[in-house]
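Residue-level listing of the chains:
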Amino acid sequence: MCGINGIFDPKNTLDSISLRNSCHFMNKELLHRGPDSQKVIIEDKITLGSTRLSIQDLSNNGLMPMD
């Protein structure tokens, strides 16, 4: 089972370091759902974080969030 989290900042009030740190913290909380990899991406006003549990697809093709 994988986990996903995110932050929507419509007014761009938070800096990228704060957004990234917040998503990394949420990823730590979701680590039990996917210990195989974690990722954070920042795009415009949305920051997404994810954890991945590799069961079916062991390659990097299944990394999330998808770029």
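Just above sits the structure.
In short, a report on the structure. (Residues numbered from 1 in each chain as written. Predicted model: local features only at pLDDT ≥ 70, side-chain atom pairs only at ≥ 80, totals over all residues. Heavy atoms only, no water.)

Looking at the sheet that holds strand β2 (residues 37-43)
Moving on, step 1. Strand order across the open sheet formed by 3 strands is β1-β3-β2, with antiparallel pairing between neighbours. What marks the edges here is a single partner per strand, and that holds for β1 (3-8) and β2. Between one strand axis and the next, the sheet turns through 10° on average, direction left out of account.
Moving on, step 2. Here β1 pairs with strand β3 (residues 46-52) via 6 bridges, running antiparallel. When the sheet's bridge partners are listed, F8 is paired in β3 with I46. (Pairing = 2+ DSSP bridges. Helix = DSSP H or I, 4+ residues; strand = E, 2+ residues; numbered from the N terminus. Axes fitted to C-alpha atoms, helices over the stretch in contact; angles between N-to-C directions.)

Considerations on the environment of V40
Moving on, step 1. Secondary-structure assignment places V40 in strand β2.
Moving on, step 2. With sequence-adjacent residues up to four places away left out, V40 is seen in contact with R20, C23, H24, N27, T47, L48 and G49. (Contact = heavy atoms within 4.5 Å.)

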